[in-house]
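# Examination of the molecular architecture
Here's the letter readout for the chains.
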Amino acid sequence: MESSLEAQVGPLRLERPTVLASGILGISVEIFGRLHGAGAGAIVSKSISVEPRDGYPGPTVVPLGGGGWINAVGLSNPGAAAFAGMIRDNRTVPIIVSLVGSAPEEFSSMVERFEGCHIAGYEINLSCPHVDDVGLEVGDDPELVSRVVRATKSAASVPVFAKVGLGRSDYLDTVSAAIDAGADGITAINTVQALAIDIEAQRPKLSNGIGGLSGIPIGTIAQRCVAQIHSQFDIPIMGCGGVSTWEDAVALVLAGASAVQLGSALGYGSPDRVFADVNDGIARYMERKGVRSVREMVGRALA
Ligand SMILES: Cc1cc2nc3c(=O)[nH]c(=O)nc-3n(C[C@H](O)[C@H](O)[C@H](O)COP(=O)(O)O)c2cc1C
């Protein structure tokens with residue numbers, strides 16, 4: 001039986017169901033192309049703001065053991081004008097541009113810049129857990145979420161995903177506001193706010209103190225969130241969080257994700273192998289279970 005690894009996430013069609021998560025391995029189009037060639041169905045860029053941001057001083061990313069990482073990078077990025085220049089000549093890599101900001105006009109002005117580029121979609125970062133005024137602080141305000149998503153959608157000609165995470169308010173209110181405002185899909189989840197103490201130095205391991213936990217320890221939290229969104233809303237989901245093996249990817253799909261993003265896994269495995277290994281494992285699982293398409297498996301664990 002021929003089974004297909006193609007994934008359909010609402011209006012976004014992907015040749016393969018695995019996607020590079022935002023903020024991982026920099027923003028070079030060469031690296032994006034290499035990862036796409038090595039099996040990634042699409043690439044989400046680092047979150048981009050209107051103006052360049054320097055981010056925090058080091059340490060900004062620390063491994064914790066057990067496949068966990070904590071980071072507070074501070075959303076360092078070259079700004080929308082510079083990043084649009086970097087990707088302007090790209091024709092082959094499906095790039096989803098991640099956008100971050102605090103006011104609706106910032107999002108529409110960034111989209112206007114990127115509309116001249118050949119991109120696959122936008123992902124609105126409503127969930128960065130460690131930078132004031134953006135990310136979770138926007139995601140925690142459903143009224144602002146609604147205005148940000150509307151502003152992005154009204155300027156965009158490609159699909160718009162809203163990336164949610166666990167903040168102070170109920171993240172399902174953020175999901176609901178984003179859907180009502182016209183989001184084409186939801187990405188869930190971002191890192192989970194955390195603190196790691198260096199007991200020898202007797203201070204936090206990150207320069208920022210608070211950071212975001214990612215990797216294997218958040219995998220089951222991501223499965224829970226994806227399942228909740230899938231069962232409460234009729235919206236395509238890109239699952240993200242703790243995927244390091246094909247089994248983790250299949251679990252997120254069975255929980256309700258139409259495609260799966262990988263972030264921290266790129267820190268443990270060879271970037272040239274991770275996507276291919278996960279894709280091959282999914283394909284073998286589909287053969288074994290007699291499944292012809294990824295779509296058939298979406299949410300099956302909850303049916
Ligand atoms: C070093 C680092 C930088 C990140 N930067 C961003 C970012 O700019 N925008 C964003 O939406 N998510 C960012 N994330 C979160 C990831 O995209 C992803 O949601 C999270 O790491 C959970 O997935 P994982 O467990 O596969 O790593 C970052 C994560 C890490 C580890």
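Here, every reference points to the structure presented above.
Residues numbered from 1 in each chain as written. Predicted model: local features only at pLDDT ≥ 70, side-chain atom pairs only at ≥ 80, totals over all residues. Heavy atoms only, no water.

### A closer look at the environment of G58
Applied cut-off: In DSSP terms, a helix is any run of H or I states spanning at least four residues, a strand is any run of E spanning at least two, and both are numbered starting from the N terminus. Exposure categories follow from relative accessible area, calculated using a 1.4 Å probe and restricted to protein chains: below 20% of the type maximum is buried, above 50% is exposed, and the middle band is partly exposed.
As for its position among the elements, G58 is in the loop between strand 4 (42–44) and strand 5 (61–65). G58 sits in the exposed class, given a relative accessible area of 54%. Here the alpha-carbon distance between G58 and A72, two residues 14 residues apart in the chain, equals 9.1 Å.

### Concerning helix 7 (residues 219–232)
As a reminder of what qualifies: Between the first and last residue of a helix there are one fewer steps than residues, each counted as 1.5 Å, and that sum is the expected span. Note on definitions: a residue-residue contact is assigned when non-hydrogen atoms from the two residues lie within 4.5 Å.
With 14 residues, helix 7 ought to run about 20 Å at 1.5 Å a step, and its terminal C-alpha atoms sit 20 Å apart, in line with that. Among all positions of helix 7, only G219, A222, C225, V226, A227 and I229 are buried. Against the buried residues of helix 7 lie strand 9 (160–164), helix 6 (171–180), strand 10 (185–188), strand 14 (211–215), strand 15 (237–240) and helix 8 (246–255).

### Focus: the sheet that holds strand 6 (residues 68–71)
Condition: When DSSP finds two or more bridges between two strands, those strands count as paired. The angle between two axes is taken between their N-to-C directions and runs from 0 to 180 degrees, where each axis is a line fitted to C-alpha atoms and a helix contributes only its stretch in contact.
With antiparallel pairing, four strands are arranged side by side in an open sheet as 5-6-14-11. Both outer strands of the open sheet, strand 5 and strand 11 (192–194), are each paired with one neighbouring strand and no more. Taken over all neighbouring pairs, the strand axes of this sheet differ in orientation by 35° on average, direction set aside. Here three bridges tie strand 11 to strand 14, and the two strands are oriented antiparallel to one another. If you follow A194 over to strand 14, its bridge partner there is G211.

### Overview of unusual backbone geometry
With an omega dihedral of -5°, the bond running from G58 to P59 counts as a cis peptide bond. By secondary structure assignment, the location of P59 is in the loop between strand 4 and strand 5. Within the chain, L25 stands out as a residue other than glycine whose phi angle is a positive 65°. Summarising the element assignment, L25 is placed in the loop between strand 3 (18–20) and helix 1 (29–37). Owing to a relative accessible area of 35%, L25 belongs among the partly exposed residues under this scheme.

### Re the packing of helix 5 (residues 142–155) against helix 6
As a reminder of what qualifies: The hand of a helix crossing depends on one turn: near helix anticlockwise from the far one by less than a right angle means left-handed, and clockwise means right-handed. Here the term charged refers only to Asp, Glu, Lys and Arg, the term nonpolar to Ala, Val, Leu, Ile, Met, Phe, Trp, Tyr, Cys and Pro, and the term polar to all other amino acids, Gly among them.
For the pair helix 5 and helix 6, the least separation of the axes is 8 Å and the interaxial angle reads 35°. As for how helix 5 packs across helix 6, the hand of that crossing is right-handed. On helix 6, the residues that touch P142, V145, S146, V149 and R150 of helix 5 are D173, T174, A177, A178 and D180. By residue class, the composition of the contact of helix 5 with helix 6 is five nonpolar, two polar and three charged.

### A closer look at the packing of aromatic side chains
To keep things clear, this is the line we draw: In this scheme Phe, Tyr and Trp rings, the latter by its six-membered ring, pair at centre separations within 6.5 Å, and the angle between planes marks the pair as stacked below 30 degrees, edge-to-face above 60, and tilted otherwise.
Applying the stated criterion across every chain, the model contains two aromatic pairs. Centroid distance F83 to F114: 6.0 Å. Interplanar angle 65°. Geometry classified as edge-to-face. Of this pair, F83 sits in helix 2 (residues 80–87) while F114 sits in helix 3 (residues 104–114), and the two are 31 residues apart along the sequence. Exposure class is identical for F83 and F114. Each is buried. With 5.9 Å between their ring centres and 45° between their planes, W246 and Y285 make a pair best called tilted. Residue W246 is located in helix 8, and its partner Y285 is located in helix 10 (residues 274–289); the two are separated by 39 residues in the primary sequence.

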